[in-house]
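Read off the chains here:
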Amino acid sequence: IDSSSVWDVRKRIAYVSQDTDIGNGKVGDLIDEIFSFKANKDVLDHTQLDKVMSDLSLDHSILKKDYMKLSGGEKQRIALVMALLSGKDIFLLDEVTAELDAALKQKVVDIFFGNPDWTVLSISHDREWETRNARVIDFSREAN
C-alpha cells in the first residue's frame, strides 16, 4: 500500500468497532447519512437492507427509533447492517458479537463464513468464531 493505492484499498474495507456509538438520530436517517458519503454513494439497496435486517433479527420498525436509545446488541447489529450493505469484501471486526446472545452470535458468524469471497479478520473472545475452519490466533496462550 502506498499513497497511490491507499484509496482503492480503503474502498474495499469495512470496519466495525466494538464502540457502537456511531451517531445520533433515527436509525434510518443514520443509515441514509452513511450511504450519502462518497465511498458509499449509490450502494444502498433497500431490498438488501430488509434482507440483512431480517438475517440479524431486526424488525423494520427499528429504523424509526433513536439510535442512542437502542440496546448494545441492537447497536452492534445496526453497525453490522451498514458494513454488510457497503459492498466491501474485506471486514475488520472488533468484538462485534460481544453484546449478542448465543443465537445471534451464531447468525453473525454464519453470515461472515457464508461468503467465501470475503476476507474477515475478527477480534473476539466469543468461541463461535472458532466453530468453523478458521485460522485462530489465541494471544492468551501465546503469552504463557
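Structure's up top.
Residues numbered from 1 in each chain as written. Predicted model: local features only at pLDDT ≥ 70, side-chain atom pairs only at ≥ 80, totals over all residues. Heavy atoms only, no water.

**With respect to the sheet that holds strand β2 (residues 90–94)**
Two strands in a sheet stick together by hydrogen bonds in their backbones, pointing the same way (parallel) or opposite ways (antiparallel). In space, the 3 strands of this open sheet follow the order β1-β2-β3, with parallel pairing throughout. On the outer flanks of this sheet lie β1 (13–16) and β3 (119–123), each paired with one strand and no other. Taking each pair of neighbouring strands and ignoring which way they run, the sheet shows an average axis angle of 10°. Bridge analysis of β2 against β3 gives 5 bridges, and the strand direction is parallel. Note that in β3 the partner of Leu92 across the bridge is Leu121. Helix α4 (residues 72–85) contacts β1 and β2 of the sheet and is inclined by roughly 180° relative to β1. (Pairing = 2+ DSSP bridges. Helix = DSSP H or I, 4+ residues; strand = E, 2+ residues; numbered from the N terminus. Axes fitted to C-alpha atoms, helices over the stretch in contact; angles between N-to-C directions. Contact = heavy atoms within 4.5 Å.)

**A closer look at the side chain of Thr20**
Along the chain, Thr20 falls in the loop between β1 and α2 (27–34). With a relative accessible area of 11%, Thr20 lands in the buried category. What Thr20 contacts, discounting residues up to four positions off in sequence, is Tyr67, Lys75 and Gln76. (Buried < 20%, exposed > 50% of the residue type's maximum accessible area, 1.4 Å probe, protein only.)

**Structural notes on the nonpolar core**
Ranked by size, the top nonpolar core spans 32 residues in total, and within it Leu56, Ile78, Leu80, Val81, Leu93, Val108 and Phe112 carry the most contacts. At the level of secondary structure, the elements contributing two or more residues to this core comprise β1, α2, α3 (46–55), α4, β2 and α5 (102–113). Take this core: its biggest share by element is 8 residues, from α4. Leave out the neighbours within four places in its chain, and Ile78 touches Val27, Leu58, Ile62, Tyr67 and Leu70. (Core = buried A, V, L, I, M, F, W, Y, C linked by side-chain atoms within 4.5 Å.)

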